[in-house]
Amino acid sequence: MRWENLTVESGGHSRAADAALFGADAVVSRTFDTPEFRGITFHEVRARSIINRVPGASRMPFEWTVNPYRGCSHACVYCFARKSHSYLDLDTGLGFDSQIVVKVNAPDLLRRQLGSRRWLGEHIAMGTNVDCYQRAEGRYRLMPGILGALRDHANPFSILTKGTLILRDLDLLVQASEVTDVGISVSVGFTDPALWRTVEPGTPSPERRLDAVRTLTEHGIDVGVLMAPVIPFLSDHPAQLRATVRAIAASGASSVTPLVLHLRPGAREWFMAWLGHHHPHLVRRYERLYAEGAYAPKWYQRRITRQVHDLAQEYGIGPARAGMPRRIPEPPDPTDEPVSEPTQLSLI
């Protein structure tokens, strides 16, 4: 494993250019013989930087992210972050699902960086790479310390998650929302239970995620739903879109923002292998639809967006308004490191 390949940019809150995020001698690998963690290896590291700058080529409404984990046991077959595991010489398929890097010092490091005179209190986004409320968080409990540091420094932040474990930290979220802007987005792309079991096997069910939206909303926290991904030919039928938007509206979500499946390198290979196994009749249709690259054609994206927005209006909710802290658009290239090429991004 190439831990030394993980570097941070110079300036800001990083060490010198090309300095490793953590040294190989600081890595401790563990396994736990419990049902929820069986087959998963955790690589505990002490990170040297935790606030990461979003690549300059992106069009995100935020510049900074915090990612306490790398790899994700949610095991979503389409996950755009799979490519990031290749920088460690780890497999972007099963390795991404089962080899989880844990930055065990993330809360203390964040508190120290937030207290630096160089830090200007800018918005920090979490969950834009891998889910900070994946199963590992149940054991390592990094988020309470992270949220406590953000609350104590009144630093605005947002969280995107599929994890219902966020409810464990409800009190901290309420406290933080009293002193700063807090944006919560829960990802629910569809409500079909059969599709969920095969495409997002390690996640809580869509129904449980919407229950979490309801609970957060009942406690005064504004929650939007990122309807992502809408999966072509599997969750994009008008009746499926209607059922999903209706369920999102019933949960009390304040907004719904659709995002069509995108297939970057690393994710594309894994997803297409899954598609060939579960839906072989769709392989050629996907090859044609994604022939130009990682994104579905603009006409298709616009069609889905229009349908979802019309349904949202019918059910009394709408897309997130530009500039709102809960808005989580398409994520950037999933690396903590500098990138050598511009990141292709497209808001729909």
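Residues numbered from 1 in each chain as written. Predicted model: local features only at pLDDT ≥ 70, side-chain atom pairs only at ≥ 80, totals over all residues. Heavy atoms only, no water.

Could you give an account of the overall build of the chain, with specific residues and numbers?
The helix and strand tally for the chain stands at 11 helices and 13 strands. Looking at the chain as a whole, 59% of its 348 residues are labelled buried. Residue pairs in contact within the chain that sit at least 24 positions apart in sequence constitute 76% of those at least 6 positions apart. Roughly 14600 Å² of accessible area belongs to the chain as shown, and the carbon and sulfur atoms make up 49% of that amount. (Helix = DSSP H or I, 4+ residues; strand = E, 2+ residues; numbered from the N terminus. Buried < 20%, exposed > 50% of the residue type's maximum accessible area, 1.4 Å probe, protein only. Contact = heavy atoms within 4.5 Å. Areas by Shrake-Rupley, 256 points an atom, 1.4 Å probe, with all protein chains shown as cover.)

Outline the nonpolar core, listing residues and values.
Within the largest apolar cluster, 88 residues are counted, with the highest numbers of intra-cluster contacts made by Leu110, Ile124, Met126, Ile159, Phe271 and Tyr286. Among all residues touching isoleucine 124, those that are not within four sequence positions of it are Ile51, Trp64, Thr65, Val66, Leu110, Leu114, Trp119, Leu150, Asn155, Pro156, Phe157 and Ser158. In terms of nonpolar packing, the next biggest core, distinct from the first, is built from five residues, Val27, Leu88, Leu90 and Val101 among them. (Core = buried A, V, L, I, M, F, W, Y, C linked by side-chain atoms within 4.5 Å.)

I'd like to hear about the packing of aromatic side chains, residue by residue, with values.
For the structure shown, the criterion picks out 10 aromatic pairs. Ring centres 5.7 Å apart and planes at 85 degrees place the aromatic pair phenylalanine 233 and tyrosine 286 in the edge-to-face group. Residue phenylalanine 233 is located in the loop between strand S12 (223–230) and helix H8 (238–250), and its partner tyrosine 286 is located in helix H10 (residues 283–289); the two are separated by 53 residues in the primary sequence. Residue tyrosine 286 is classed as buried on the basis of its relative accessible area of 1%. (Phe/Tyr/Trp six-rings, centres within 6.5 Å; stacked < 30°, edge-to-face > 60°.)

Give me the lowdown on the state of the cysteines, citing residues and values where you can.
Inspection of every chain in the model, using the stated rule, returns zero disulfides. Unpaired in this structure, cysteine 76 has its nearest cysteine sulfur neighbour in cysteine 79, at a distance of 6.3 Å. Here cysteine 132 stays free of any disulfide, with the sulfur of cysteine 72 as its closest cysteine sulfur at 9.7 Å. Taking relative accessible area as the criterion, cysteine 132 reaches 1% and is therefore assigned buried. (Disulfide = S-S within 2.5 Å.)

Hey, could you go over the pairing of S12 for me, with residue numbers and the actual values?
Counting buried positions along S12 gives eight out of eight residues, so the element sits mostly inside the fold. Note on the crossover from S12 through H8 to strand S13 (residues 255–260): the handedness is right-handed. (Right-handed = clockwise from strand over helix to strand, strands pointing away.)

So what's going on with the environment of arginine 112? Which residues, and what values?
Within the secondary structure layout, arginine 112 lies in helix H2 (residues 106–114). Judged by its relative accessible area of 55%, arginine 112 is exposed. Note: C-alpha distance between arginine 112 and alanine 149 (37 residues apart in sequence) is 8.9 Å.

Could you give an account of the confidence of the model for the chain, naming the residues involved and the relevant values?
For the chain, per-residue confidence averages 86 on the pLDDT scale, and 82% of positions sit at 70 or higher. Taken as a whole, residues 3–20 scores under 50 in pLDDT and shows 50 contacts with residues more than four places along the chain or in a different chain. Per-residue pLDDT stays below 50 along residues 321–348; that stretch engages in 93 contacts with residues further than four places along the chain or on separate chains. (pLDDT = per-residue confidence, 0-100.)

Help me get a handle on the sheet that holds strand S7 (residues 69–70), residues and values and all.
Backbone-to-backbone hydrogen bonds pair the strands of a sheet. The strands run either parallel or antiparallel. The sheet built from four strands is open, its strands ordered S3-S4-S8-S7 with mixed pairing. Edge positions in the sheet fall to strand S3 (28–31) and S7, since each of these pairs with one other strand and no more. In this sheet, strand S8 (residues 99–103) lies alongside S7 in antiparallel orientation, the contact comprising two bridges. Looking across to S8, one finds that arginine 70 is bridged to valine 101. (Pairing = 2+ DSSP bridges.)

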